[in-house]
Amino acid sequence: MCIYVYKFIGRQITRRWLPGEKYVLVYFKNKLKLALIGQSLFGQEVYSHLRKEGHRVVGVFTVPDKDGKADPLALAAEKDGTPVFKLPKWRVKGKTIKEVAEAYRSVGADLNVLPFCTQFIPMDIIDSPKHGSIIYHPSILPRHRGASAINWTLIMGDKKAGFSVFWADDGLDTGPILLQRSCDVKANDTVDALYNRFLFPEGIKAMVEAVQLIADGKAPRIPQPEEGATYEGIQKKENAEISWDQSAEVLHNWIRGHDKVPGAWTEINGQMVTFYGSTLLNSSVPPGEPLEIKGAKKPGLVTKNGLVLFGNDGKALMVRNLQFEDGKMILASQYFSAGETSVVELTAEEVKVAETIKVIWAGILSNVPIIEDSTDFFKSGASSMDVARLVEEIRQKCGGLQLQNEDVYMATKFEDFIQKVVRKLRGKDQEAELVVDYVSKEVNEMMVKMPYQCFINGQFTDADDGKTYDTINPTDGSTICKVSYASLADVDKAVAAAKDAFENGEWGRMNARERGRLMYRLADLLEENQEELATIEALDSGAVYTLALKTHVGMSVQTFRYFAGWCDKIQGSTIPINQARPNRNLTFTKKEPLGVCAIIIPWNYPLMMLAWKSAACLAAGNTLVLKPAQVTPLTALKFAELSVKAGFPKGVINIIPGSGGIAGQRLSEHPDIRKLGFTGSTPIGKQIMKSCAVSNLKKVSLELGGKSPLIIFNDCELEKAVRMGMGAVFFNKGENCIAAGRLFVEESIHDEFVTRVVEEIKKMKIGDPLDRSTDHGPQNHKAHLEKLLQYCETGVKEGATLVYGGRQVQRPGFFMEPTVFTDVEDHMYLAKEESFGPIMVISKFQNGDIDGVLQRANNTEYGLASGVFTRDINKAMYVSEKLEAGTVFINTYNKTDVAAPFGGVKQSGFGKDLGEEALNEYLKTKTVTLEY
């Protein structure tokens, strides 16, 4: 290939190299003169990409304008000044029209390219160029020859789909193969889904590749085998009627094989009704209202999730949307309540959006003089190609608002469409579409409504195998409800949904500011529902309600607001590098999301731990699958419900309650997960890290166990040290990752400190966490209480002095007395191991022995947090430098903030939650270097 670099100066062209100037690469050899024959957005994209590759399109032959609107291919070519020929037909009575043939031959093409063509092109035109003609066909030839190849790929239940670029001959899709590409067919793919995911984007690339192979003289001509060849006719509305005496899978394939065009239909109540959005129903059939369908042996069921249909094999499928003869589309679940949606009044800001959309409609419907409320998008001449254009223009011009194609089909009149958009902006559409089975309880002077199912791909659903388990109220040991117990299949579904949302969904295309807007809205919803969330937290984890309101929920709200603000501030950098003279280089970095992230959280702060990890993950642009602790799943599932109301797209957030051994282990091993964030015990963290390494070297951040030392010097403010020392141990019932696991008290104040602590403990009220006067609630679950009691027994056996507590409170539930041990020596179990409960472990150190107490404090494999109380700032700073911990508190404790990074060292883990540093846990850095 010969390449010349030209500098354009005014009307003159020079081949001189002028340093610091801009140049254009011009390719002279191995580029062809092309005639593009066809139409559509696909044709337009092939045309544009071929021009970018340096090929010269000498003529575009396309269809006439329809209703005053030019085809997208014609529009693009006319804009570039490429000759455009709009031909109603190419031949009459089997012979090529003379004027058409002359027009075609006048452009002198080397090759005909037919990306998508509905017209019959005569063979003398096909064979005219020296390289002949190539055609794109959306199937793996020789299978599915004919005009409805994509439809038949799905109708026949093929496991593989794809396309062929072949050399045209005088047969119907029988010419030699130039190249082929294939992809897997997903269980619920529709024609649109398959086309948009693979056939359209990869087809464009393949057409460009095929032309270059021809230009380089490397294009093969592989004869098509006749074995396996099929030909199916064009699927039209009249032959798309559903025949009901078939299996559920065959019915599903028939419906999705006609989705969206021409649409599989049946007769209901004397009216043609078209079905869209079919999925096979693998779980149990939900309850619903019967609907008689002509020809079906068993009535359908209108359920909360859609219309359930039955095959002759007893299995079922579900359709999501229905379209009536007048073109109106509704959710199938609303069949018996269609038309009941109230009209919403527009705010001033929404009126501006509506005016912008009216301009977009006018641009598409150029043949309509005035867009009125009654203007129908499709009856005014719009096609399916215009749907994609409308959705994309609205995204670009309305602040990133992301609609789906089906939103247009479900609201074809302008007035209805604006109502649809406004509901989308307010998050009401998602709210209406989400169906939740609640467990409701009248408690804490309110009706608490708790989801209990897995949340996968925007829907609450039972576990794949139907299994459930009991979640227990630690206040009295009673069962709150049964919760879905996620299986391996559920984990895989959740990961697949998150992957699809990241790679193909609107989340991956959404701009950063719009992402931040959703997160701000979610923070607002958390705040609006804070009393209910705090009540659920008290019921499910035993958290004292007032603490849950302020910390568990309050800090969750702050965390989402903080990271929402980061969304559009994630930046790379430019880097000066050595130049490769005479060329110059530009090097810059980009911060990009990782993809699907798994998050596994503990049971001590169910909602707050969710927020700490998921807010940073989402702000970075990832999607997530989160496993809450098995014993505390309910606030995570309530969070999932609120995320839908906030407008988060399906698949971005998935919640799978269940066991760590099944769901958690599968997440750590899953090959499609690129990052796992875990908070929990050190032994489990090690196992997770091993699984992440062996599987696919996924990125890991671990916040693990701790044995945080708190050093109290004799020059401290003793009253404050007592108050905050108690908080350091007893905060949240001692179920606190940074709890002071061991207090070192200087000898001269040791006895007084202990006396004051015991006096304060006696004032603490132990009781119902929903009682506003309660200071100390129940431990999280029975097994943990038993572990704490065993911990105390071990301490006594080893010779530590039990000063107070150490017993279970004699009342229903899992309550334990706040406990104090003294005389704890360095070799004892209490000195080394974390209790994760309300147990204060006190050791004495000699007056003035700063380095000695530091050595004892650091003599642990943990390093999450630490603290020091002293009035001497020099001593405080010296101790803070020497303490081996991720966080050091000076004259305070438990003071965390959303802006301050949080994480441990040594066997307390690595990686950070909170602050700017947390974002880096969910981002990757890409370096880009270009030469100019």
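Note that the structure is predicted; figures quoted are calculated from it, not measured.

Here we look at the overall build of the protein chain
In terms of helices and strands, the protein chain carries 28 helices and 41 strands. Referenced to the eigenvectors of the C-alpha coordinate spread, the extents of the protein chain come out at roughly 110 × 80 × 60 Å. The proportion of buried residues among the 932 residues of the protein chain is 55%. Expressed as a percentage of contacts within the protein chain between residues at least 6 apart in sequence, the contacts between residues at least 24 apart total 69%. Total accessible area on the protein chain is roughly 40,200 Å²; 50% of this is exposed by carbon and sulfur atoms.

Focus: the nonpolar core
Formed by 107 residues in total, the largest nonpolar core has its most connected members in Met519, Phe560, Phe648, Ile712, Leu743, Phe753 and Met840. If you tally residues by element for this core, the top one is helix H18 (residues 606-619), at 11 residues. Among all residues touching Leu743, those that are not within four sequence positions of it are Leu710, Ile712, Val729, Phe753, Met840, Val841, Ile842 and Ser843.

Comments concerning the packing of aromatic side chains
In this structure the tally under the stated criterion is 26 aromatic pairs. A centroid spacing of 5.3 Å and a plane angle of 35° characterise the contact between Tyr136 and Phe163, whose relative ring orientation is tilted. Taken as a pair, Tyr136 in strand E10 (residues 133-137) and Phe163 in strand E11 (residues 160-167) lie far apart in primary sequence, 27 residues in all. For Phe163, a relative accessible area of 0% corresponds to the buried category. Between Phe889 and Tyr893, the aromatic rings sit 4.8 Å apart at their centres with planes inclined by 50°, giving tilted as the arrangement. Accessibility classification places Phe889 together with Tyr893 in one group, the buried group.

Quick notes on helix H17 (residues 545-564)
In this model H17 runs 27 Å from its N-terminal to its C-terminal C-alpha over 20 residues, within 8% of the 28 Å that 1.5 Å per residue would give. Of all bends in H17, the biggest is about 35°, found at Gly554. The buried count for H17 comes to 14 of 20 residues, which makes it a mostly enclosed element.

Focus: the packing of H18 against helix H19 (residues 634-646)
For any two helices packed against each other, the geometry is given by the interaxial angle and the distance between the axes. At a minimum axis separation of 8 Å, H18 and H19 run at an interaxial angle of 50°. Of the possible angle classes, the one that applies to H18 and H19 is oblique. The crossing of H18 and H19 is right-handed. In this structure, H18 uses Pro606, Leu607, Leu610 and Ser614 to contact H19, whose residues at the interface are Thr635, Ala636 and Phe639.

Things to note about the sheet that holds strand E27 (residues 585-593)
Strand order in the open sheet formed by 3 strands is E26-E27-E41, with antiparallel pairing between adjacent strands. Two strands lie at the open edges of the sheet, namely strand E26 (574-575) and strand E41 (923-931), each paired on one side alone. Where E26 and E27 come together, 2 bridges link them in antiparallel fashion. From the neighbouring strand, Thr574 faces E27, where its bridge partner is Phe588.

Digging into the side chain of Ser908
Topologically, Ser908 is positioned in the loop between strand E39 (887-890) and strand E40 (909-910). Looking at Ser908, its side chain comes within polar contact range of the main-chain nitrogen of Leu864, at 3.2 Å.

Quick word on the side chain of Arg521
Here Arg521 is to be found in helix H15 (residues 512-528). No salt bridge forms around the buried Arg521; measuring N to O, its nearest opposite-charge neighbour Glu514 is 6.0 Å away. Within polar-contact distance, the side chain of Arg521 engages the backbone oxygen of Ala646 at 2.7 Å.

A short note on the sheet that holds strand E12 (residues 177-184)
Strand order in the open sheet formed by 7 strands is E6-E5-E4-E9-E10-E11-E12, with mixed pairing between adjacent strands. Both edges of this open sheet fall to strand E6 (84-86) and E12, since each of them pairs with a single strand only. Here the average twist between neighbouring strands, direction ignored, is 15°. Of the strand pairs in this sheet, strand E4 (residues 33-37) and strand E5 (residues 56-62) are connected by 5 bridges, and their pairing is parallel. Looking at the pairing, Ala35 lines up with Gly59 of E5. Packed onto the sheet, helix H1 (residues 40-52) meets E4, E5, strand E9 (111-114) and E10 and runs at close to 170° relative to E4.

Some points on the UniProt feature "active site" (unreviewed entry) in the protein chain
If you check UniProt for "active site" (unreviewed entry), the listed places come out as His137, Glu703 and Cys737 in our numbering. Annotated residues spanning 601 residues; largest pairwise C-alpha distance 59.9 Å, indicating distribution over more than one region. Of note, His137 is situated in strand E10. Residue contacts for His137: discarding those within four places in its chain leaves His144, Arg145, Gly146, Ala149, Phe163, Ser164, Phe166 and Asp173. A polar contact of 2.9 Å, which involves the side chain of His137, links it to the backbone oxygen of His144.

Comments concerning the environment of Lys413
You can see Lys413 is positioned in the loop between helix H10 (405-410) and helix H11 (414-425). Separated by 488 residues in sequence, Lys413 and Pro901 place their C-alpha atoms 51 Å apart. Here Lys413 is in contact with Trp361, Asp373, Ser374, Thr375 and Asp376, once residues within four sequence places are set aside.

Thoughts on the pairing of strand E14 (residues 271-281)
Judged from the 5 bridges that link them, strand E13 (residues 264-268) and E14 form a sheet pairing that is antiparallel. Each bridged residue has a counterpart across the sheet, and for Ile268 the counterpart in E14 is Gln271. Hairpin remark: E13 followed by E14, antiparallel, with 2 residues in the connecting loop; positive phi at Asn269, about 55°. Pairing of E14 with strand E18 (residues 316-323), which is carried by 7 bridges, proceeds in the antiparallel orientation. Its bridge partner being in E18, Leu280 is matched across the sheet by Leu317.

Comments concerning the environment of Asp71
Of note, Asp71 is situated in the loop between E5 and helix H2 (72-80). Overall, the relative accessible area of 9% leaves Asp71 in the buried class. Each C-alpha atom, one on Asp71 and one on Ile177, is 29 Å from the other, the two residues being 106 residues apart in sequence. Residues contacting Asp71, with those up to four places away along its chain left out, are Gln39, Ser40, Thr62, Val63 and Met385. In terms of polar contacts, Asp71 uses its side chain to reach the backbone amide nitrogen of Ser40, at 2.9 Å. A distance of 2.9 Å separates a polar side-chain atom of Asp71 from the backbone nitrogen of Leu73.

Examining the pattern of salt bridges
What the rule picks out here adds up to 45 salt bridges. The shortest N-O distance in the salt bridge between Glu514 and Arg517 comes to 2.4 Å. Of this pair, Glu514 and Arg517 both sit in helix H15, 3 residues apart, roughly one helical turn. The salt bridge partner of Arg561 is Glu527, with a shortest N-O separation of 2.7 Å. In this pair, Arg561 is assigned in helix H17 and Glu527 in helix H15, connecting sequence segments 34 residues apart. Taking the relative accessible area as the measure of exposure, Arg561 reaches 28% and is therefore partly exposed.

Re unusual backbone geometry
In the segment running from Leu141 into Pro142, the intervening peptide bond is cis, with an omega of 15°. Mapped onto the elements of the fold, Pro142 is located in the loop between E10 and helix H5 (149-155). Going from Asp259 to Lys260, the amide bond is cis rather than trans, its omega being 10°. Relative to the elements of secondary structure, Lys260 occurs in the loop between helix H7 (248-256) and E13. Positive phi outside glycine occurs at Ser40, with the angle close to 85°. Following the sequence through the fold, Ser40 ends up in helix H1.

Parameters and conventions
Per-chain numbering applies: the sequence of each chain, read as written, is numbered from 1 onward. Given that this is a predicted model, residues contribute local features only at a pLDDT of at least 70 and side-chain atom pairs are listed and counted only at 80 or more, while totals for whole chains, interfaces and linings are drawn from all residues. Excluding hydrogens and water, the side-chain values take into account all heavy atoms of the structure. For the purposes of this entry, the term helix denotes a DSSP run of H or I that reaches at least four residues, the term strand denotes a run of E that reaches at least two, and both are numbered from the N terminus. Buried, partly exposed and exposed residues are distinguished by accessible area as a fraction of the type maximum, computed with a 1.4 Å probe on protein chains only: under 20%, between the cut-offs, and over 50%, respectively. In what follows, residue pairs with any heavy atoms lying within 4.5 Å of each other are defined as contacts. Computed by Shrake-Rupley with a 1.4 Å probe, the accessible areas treat only the displayed protein chains as cover when residues are assessed. We call a set of buried Ala, Val, Leu, Ile, Met, Phe, Trp, Tyr and Cys residues a nonpolar core when their side-chain atoms join them within 4.5 Å. Note on aromatic contacts: the rings of Phe and Tyr and the six-membered ring of Trp form a pair at centre separations within 6.5 Å, being stacked when their planes are under 30 degrees apart, edge-to-face when over 60 apart, and tilted otherwise. Helices are assigned an expected span. That span is 1.5 Å times one less than the residue count. Fitting axes to the seven residues ending at a residue and to the seven starting there, one defines the bend at that residue as the angle between these axes. Angles shown run from 0 to 180 degrees and are taken between the N-to-C directions of axes, each axis being a line fitted to C-alpha atoms and, for helices, limited to the stretch in contact. In these notes the angle categories are as follows: under 35 degrees is roughly parallel, over 145 is roughly antiparallel, 65 to 115 is roughly perpendicular, and the rest is oblique. Handedness of a crossing follows from how the near helix is turned relative to the far one, being left-handed for an anticlockwise turn of less than a right angle and right-handed for a clockwise one. Strands are labelled as partners when DSSP assigns at least two bridges between them. The definition of a polar contact used here is a pair of N or O atoms within 3.5 Å, where within protein one atom must be able to donate a hydrogen and the other to accept one, and adjacent residues in sequence count solely through side-chain atom pairs. For the charge count, each Lys or Arg is scored as positive and each Asp or Glu as negative, with His and the chain ends excluded. Salt bridge, as applied in this entry: a Lys or Arg side-chain nitrogen positioned within 4 Å of an Asp or Glu carboxyl oxygen. UniProt positions are given in the numbering used here, feature names are shortened, and annotations may be inferred rather than shown by experiment.

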